Amino acid sequence: MNVKSENSGPIAQTSVIQRFDALDGLRGLAALVVVIGHFWPFQDFKSLPIINIFMDTKLPVAIFFVLSGVVLSHSARNFQKNTSWLAFVLISRYVRLLIPILAITLLVTVLYLSGFILVDSLPGSYSEWSGYKVFYQFSLEWINALQFSTLDVFFNYNPEKTYIPPSWTMRPELFASTLLFSFLFLLSFLRLENIPVLLFVPAAIIIFFTKDFLPGVYYFGYFLMGFVIYKVYMVKGVNSKVGFGLLFFVLLIKTMLYFYSIKGLFIDLVFASCIVTVILFSSKVQELLANRVFIWLGKISFPLYLVHVPLYCSLGMFNFIMLDSLGINVSLGWAINFVITLSICLLVAHLLTFVDSGTLKIIRIIKSKFGLSYSPYVQSNYQGQVVK
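All figures in this text were calculated on a predicted structure; none of them were measured in a lab.

Enquirer: What am I meant to see in the side chain of lysine 81 here?
Expert: Looking at where lysine 81 falls in the secondary structure, it is placed in the loop between α4 (58-75) and α5 (83-113). It turns out lysine 81 is buried and unbridged, and the closest side chain with the opposite charge, glutamate 193, is 5.1 Å from it. Only 2.9 Å separates the side chain of lysine 81 from the backbone oxygen of alanine 76, close enough to count as a polar contact. One polar contact links the side chain of lysine 81 to the main-chain carbonyl oxygen of phenylalanine 79, over a distance of 3.0 Å.

Now the structure itself:
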């Protein structure tokens with residue numbers, strides 16, 4: 001299978017795929033699973049078949065990384081891969097991640113300085129949430145907030161001094177994005193774009209297994225799998241034979257493996273790749289994930305992913321304190337707090353979407369400074385975004 005042949009594939013004439021609405025929906029659903037999984041601490045319950053699909057916080061992270069490989073490969077498709085392009089995508093990727101992180105870091109600092117980070121006040125009745133007490137055991141200051149959001153989160157992440165605990169994924173996200181863009185640049189520069197794309201599958205697996213001796217590099221394996229999935233899709237397009245049955249089969253295998261404690265990073269990579277592939281190739285699944293609810297979840301997914309743990313450590317703790325003081329039944333208290341806190345997380349994430357909009361405007365300004373050229377074989381009406 002040739003990389004270049006994507007441009008004559010059945011997808012070239014469609015605008016729906018250029019927007020990747022279904023993948024936005026998947027990203028939103030994955031973020032919601034992370035939020036739900038981080039709320040409930042009851043491991044025996046979370047491991048039950050079917051339930052673990054909605055509680056497993058590691059598979060969604062693998063999906064995020066594979067999705068990044070797909071979408072970033074797509075966004076690069078219509079540009080000539082020269083040094084100006086490489087400089088632009090590297091700078092824009094950093095800015096794309098930086099600005100939302102900065103906004104939420106400042107929000108966390110306000111919560112802390114206002115005395116609303118309440119991890120040390122967790123009532124004993126809800127001690128299962130004591131895992132959150134390890135966070136914010138240091139003095140949060142404005143200058144350190146700026147340093148964290150601009151440098152530390154990407155280059156020197158320390159889980160003991162993090163303002164945003166889920167932001168540990170930002171360093172591998174930025175690093176693997178850099179490797180993917182450099183990889184795309186080299187493919188073009190060395191004129192290797194005709195290499196059969198499926199040869200990169202074993203390459204991705206080999207890269208993944210460098211995790212024991214090349215820390216961080218293995219994340220590129222996720223992105224490379226995303227690249228392969230994208231290239232195959234651009235050639236083959238939607239397959240009418242692929243539907244919900246295959247997706248349910250993949251999820252069934254995954255949930256049973258998890259139930260029997262057969263899990264790990266490589267298994268998550270395999271199943272994340274399978275899930276993304278099934279969704280890309282199935283028009284029926286795409287139609288479901290491209291509805292308004294999932295598209296909205298996709299729109300708020302990044303701020304939702306980042307802000308939920310800080311809100312658990314403030315609002316969630318406050319709710320438990322109040323529920324305990326009112327003598328509310330503990331089981332009922334868990335349910336009440338879940339509904340309230342999840343609702344506020346969704347609301348805050350929605351309100352923070354203006355940060356994303358502002359970020360995209362900034363990146364468009366940066367783009368105008370680079371004088372990028374379009375590849376001659378790509379349609380002029382392409383609407384993909386390099387930073388999605």
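Enquirer: Whenever I open this one, the side chain of threonine 105 confuses me. Can you help?
Expert: Tracing the sequence through the fold places threonine 105 in helix α5. On the basis of relative accessible area, threonine 105 is assigned to the buried category, the value being 0%. Those residues in contact with threonine 105 that lie beyond four places of it in its chain are Ala145, Phe148, Ser149, Tyr163 and Ile164.

Enquirer: Just checking my understanding: could you explain the nonpolar core for this structure?
Expert: One recurring pattern in soluble globular proteins is that nonpolar side chains are buried together. One finds Trp85, Tyr222 and Phe227 to be the most contacted residues of the largest nonpolar core, which totals 126 residues. The element that contributes the greatest number of residues to this core is helix α13 (residues 292-325), accounting for 15 residues. Discounting chain neighbours no more than four positions away, the residues touching phenylalanine 227 are Gly69, Val70, Ser73, Leu180, Phe183, Leu184, Leu187, Val197 and Phe200.

Enquirer: What is the right way to read the environment of leucine 269 from this model?
Expert: With respect to the element layout, leucine 269 can be found in helix α11 (residues 265-281). Remark: the alpha-carbon pair of leucine 269 and tyrosine 136, spanning 133 residues in sequence, is separated by 31 Å. Those residues within four positions of leucine 269 in sequence are excluded, and the remaining contacts are Ala62, Val66, Phe208, Gly221, Tyr222 and Met225.

Enquirer: Sorry if this is basic, but what is going on with the packing of aromatic side chains here?
Expert: What describes a pair of aromatic rings is the distance from one ring centre to the other and the angle between the planes of the rings. A complete count under the given rule lists 48 aromatic pairs for this structure. Taken together, a centroid distance of 5.5 Å and an interplanar angle of 80° make the contact between phenylalanine 64 and tyrosine 305 edge-to-face. Taken together, the residues span a long stretch of sequence, with phenylalanine 64 in helix α4 and tyrosine 305 in helix α13 at a distance of 241 residues. On the basis of relative accessibility, which here comes to 15%, the residue phenylalanine 64 falls in the buried class. The class for tyrosine 305 is buried, based on a relative accessible area of 5%. Consider the rings of phenylalanine 65 and tyrosine 219, whose centres lie 5.3 Å apart with planes at 70°: the pair is edge-to-face. Of this pair, phenylalanine 65 sits in helix α4 while tyrosine 219 sits in helix α9 (residues 219-236); the two residues are 154 residues apart in sequence, bridging distant segments of the chain. Both residues of the pair, phenylalanine 65 and tyrosine 219, count as buried.

Reading guide: rules and limits
- Residues numbered from 1 in each chain as written.
- Predicted model: local features only at pLDDT ≥ 70, side-chain atom pairs only at ≥ 80, totals over all residues.
- Heavy atoms only, no water.
- Helix = DSSP H or I, 4+ residues; strand = E, 2+ residues; numbered from the N terminus.
- Buried < 20%, exposed > 50% of the residue type's maximum accessible area, 1.4 Å probe, protein only.
- Lys, Arg positive; Asp, Glu negative; His and termini not counted.
- Salt bridge = Lys/Arg side-chain N within 4 Å of Asp/Glu carboxyl O.
- Polar contact = N/O pair within 3.5 Å; in protein donor to acceptor, adjacent residues only side chain to side chain.
- Contact = heavy atoms within 4.5 Å.
- Core = buried A, V, L, I, M, F, W, Y, C linked by side-chain atoms within 4.5 Å.
- Phe/Tyr/Trp six-rings, centres within 6.5 Å; stacked < 30°, edge-to-face > 60°.

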